[in-house]
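Fold and geometry: a report
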Amino acid sequence: MKLVITVVGRDQVGIIAMISSVLAECNINICNLDQTIVDGFFNMIMIANAEHSTIGLQQLQEILQGKGKQRGLDIRVQHADIFQSMHKV
Amino acid sequence: MFTIDDIRETNRMIAENRLDVRTITMGISLRDCADSDCQRLCHNIYEKITSRAERLVAVGEDIGREYGVPIINKRISVTPISLVADRMDEREMVRVAVTLDRAAAAVGVNFIGGFSALVDKGCTRGDQTLIAAIPEALAVTDRVCASVNIASTKAGINMDAVRVMGETIKETAVRTADRDAIGCAKLVVFANAVQDNPFMAGAFHGVGEPETAINVGVSGPGVVKQALASAGKQADLGMVAEIIKRTAFKITRVGQLVAREASRRLGVSFGIVDLSLAPTPAVGDSVAHILEEMGVERCGGPGTTAALAILNDAVKKGGLMASSYVGGLSGAFIPVSEDAGMIEAVACGSLTLEKLEAMTCVCSVGLDMIAVPGDTPATTIAAIIADEAAIGVVNNKTTAVRIIPVPGKQTGQLVKFGGLLGYSPILAVNPWSAGQFIARGGRIPAPLSSLTN
């Protein structure tokens, strides 16, 4: 199962470090990462492979949303099938 | 594999343009619940609904959370109750409605459809009893929706039933007068009703349907409007149709995904995806605003019917390829009180009942959520139903009337139904009488369906 993780919020040190460490702990592999900073605003989209994940999608959503909230970041984790279905025939 | 831009586009549709799945509706057959004893019948119905739909709301919420797309409503449709409760008397029919209401509340769905009768050719005793029980049933329940199919292309129009429905709507309005006649917002009169409609208030689980089925209704008028706005004013109407098709394809793919996933997780067969653009009163979720984006100054003005025809056709063409099974009503909805643009158009005088009737010739589904003065005669309401049914029967399409004669209110006054049902100024009704026409009764014969010029 592929996941899409999107992060929006004020730029700060350690955003990607925090996310990637959570993913590593859960045995989730990062496949692609696109990140921009405009006027101090951080915007990231990450595609990850959760095939061998040690936790469920909803648990991961709770962990990342919780950590994001502490830093003032909006973190969303979505099942990638929604993008695959919408954009590929 | 999709690209980063694809992700941005999808998430923008959800976050900014209100893309959502409007409803996951579980159709449940109640045919095996029939019993001559009312208490046993109600027990059977309650047990069947609560066991089959026990996980519906939780599964819907899980899917919404995991895919990041809002699923607004989880609902249930059941076998037309007149078929299951044919032997009940009027008081017992109301008990069945209360049972449906309790079952819906127990599983956490906001509406349950199927307090219905199919009388396009004639009424059985049970059909008559159910129709007589509708005002009371809608007054004493919150979640039950009723519908009556009074016409079909194969059978013609049952004008006796049309007359009775005019009176039933008036009576329902009076019984729920303290809540701005909200009972009428849960009562639909159909011509050519479909068996697998997931949308309320007209949903029921038809006789040709399986034991249970998952039907999904998509939405997304805001996404279509945004796509047209991005294309600019110079795009010609061929290009406009093309943009709507592409957008409808994407919207429908989300519905298809949700429908497949819901049916897999619930272990219920996948019925259909309904390709509809269903507006809400929220800003940026209006079908009328799409028509205005196409270049009609105000919805209801000249050009509106043509613009709506383009929209309705393109939505179907785009959606068809995106789903393996398409059904339900499938078309753009024009419920007046549920669409911010329609409400504005009525308020400024550009949208009238007669224009709405013309618009229903080219779209789904009919005169929908239309508030009229409370003193509108029952025969006039019946005649409006007959007009709308004639459009459906002759053109071989579904049409419906959901009209609300609000007691004590006059043309131009505002009525508020709340939530997704919205609010609306009261529309003017043509004052000339159809009393004698309606009093004739009988059945209008089925139309010729060749020599179609």
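Residues numbered from 1 in each chain as written. Chains lettered and ligands numbered in written order. Predicted model: local features only at pLDDT ≥ 70, side-chain atom pairs only at ≥ 80, totals over all residues. Heavy atoms only, no water.

Along the backbone of chain A there are three helices and four strands. Along the chain direction, N to C, the helices and strands of chain A fall in the order β-α-β-β-α-β-α. Over its C-alpha trace chain A gives a radius of gyration of 13 Å, about what one expects of a compact globule, namely 12 Å for 89 residues. Over its C-alpha atoms, taken along the principal directions, chain A stretches across nearly 35 × 30 × 20 Å. Looking at chain A as a whole, 42% of its 89 residues are labelled buried. Sequence separation of at least 24 residues holds for 71% of the intrachain contacts in chain A that already meet a minimum separation of 6. (Helix = DSSP H or I, 4+ residues; strand = E, 2+ residues; numbered from the N terminus. Rg over C-alpha atoms; globule rule 2.2 N^0.38 Å. Buried < 20%, exposed > 50% of the residue type's maximum accessible area, 1.4 Å probe, protein only. Contact = heavy atoms within 4.5 Å.)

Let us now look at the pairing of strand β3 (residues 112–118) of chain B. Residue and element names in this part refer to chain B. Most of β3 sits out of view: six of its seven residues are buried. Bridging between β3 and strand β4 (residues 144–152) involves six bridges; their strand directions are parallel. Residue pairing in the sheet places F115 in a bridge with A146 of β4. On the question of chirality, the crossover connecting β3 to the parallel β4 by way of helix α6 (residues 125–140) is right-handed. (Pairing = 2+ DSSP bridges. Right-handed = clockwise from strand over helix to strand, strands pointing away.)

Take E292 of chain B: it is sitting in helix α10 (residues 287–294). Every residue in contact with E292 of chain B, bar those within four places of it in the chain, is listed here: E297, R298, C299 and G341 of chain B.

Let us now look at the environment of R179 of chain B. All names here are of chain B. Inspection of the secondary structure assignment puts R179 in the loop between α7 (159–175) and β6 (187–191). Judged by its relative accessible area of 31%, R179 falls in the partly exposed class. Measuring from C-alpha to C-alpha, the distance between R179 and E16 comes to 33 Å, with 163 residues separating the pair along the chain. Those residues within four positions of R179 in sequence are excluded, and the remaining contacts are A139 and D142. Among the polar contacts made by the side chain of R179, one reaches the main-chain carbonyl oxygen of A139 at a distance of 3.2 Å. (Polar contact = N/O pair within 3.5 Å; in protein donor to acceptor, adjacent residues only side chain to side chain.)

Let's shift gears to the nonpolar core. Grouped together as the largest cluster of nonpolar side chains are 146 residues, with contacts concentrated most on F115, I150 and L311 of chain B. A total of eleven residues in this core trace back to one element, the largest contributor, which is helix α9 (residues 237–266) of chain B. Three or more residues apiece are contributed to this core by two domains, here domain 1 (26–191) and domain 2 (216–444) of chain B. With residues near it in sequence (within four places) discarded, I150 of chain B still touches V119, D120, G156, I157, N158, A161, V162, M165, V189, F190, I385 and A389 of chain B. Core analysis: the second largest hydrophobic core is formed by 21 residues, V22, C26, L57 and I75 of chain A among them. (Core = buried A, V, L, I, M, F, W, Y, C linked by side-chain atoms within 4.5 Å. Domains from an automatic or database assignment.)

A few words now on the domain arrangement of chain B. Residue and element names in this part refer to chain B. Looking at the assigned domains, one finds that chain B contains domain 1 (26–191) and domain 2 (216–444). On a C-alpha basis, the centres of domain 1 and domain 2 stand 22 Å from each other. Contact residues are listed per partner, giving 45 residues for domain 1 and 46 residues for domain 2. For the pair domain 1 and domain 2, the summed buried area comes to about 3600 Å², and 70% of that belongs to carbon and sulfur atoms. At the surface where domain 1 touches domain 2, the tally comes to two salt bridges. Put simply, domain 1 and domain 2 have 13 residue pairs in polar contact (both at pLDDT 80 or more) between them. Looking at the side of domain 1 that touches domain 2, the elements that each hand over two or more residues are α3 (56–67), β2 (71–78), β4, β5 (156–158), α7 and β6. Here the element with the most residues in the side of domain 1 that touches domain 2 is α7; it accounts for eleven residues. Here the residues of the side of domain 1 that touches domain 2 are counted per class, giving 28 nonpolar, six polar and eleven charged. (Buried area = accessible area lost by both parts, 1.4 Å probe. Salt bridge = Lys/Arg side-chain N within 4 Å of Asp/Glu carboxyl O. Nonpolar A, V, L, I, M, F, W, Y, C, P; charged D, E, K, R; others polar.)

All names here are of chain B. Here V429 lies in the loop between β13 (423–425) and α15 (435–440). Measuring from C-alpha to C-alpha, the distance between V429 and T380 comes to 8.7 Å, with 49 residues separating the pair along the chain. Apart from residues no more than four positions distant in its own chain, V429 is found in contact with L353, V372, P373, T376, T380 and I384.

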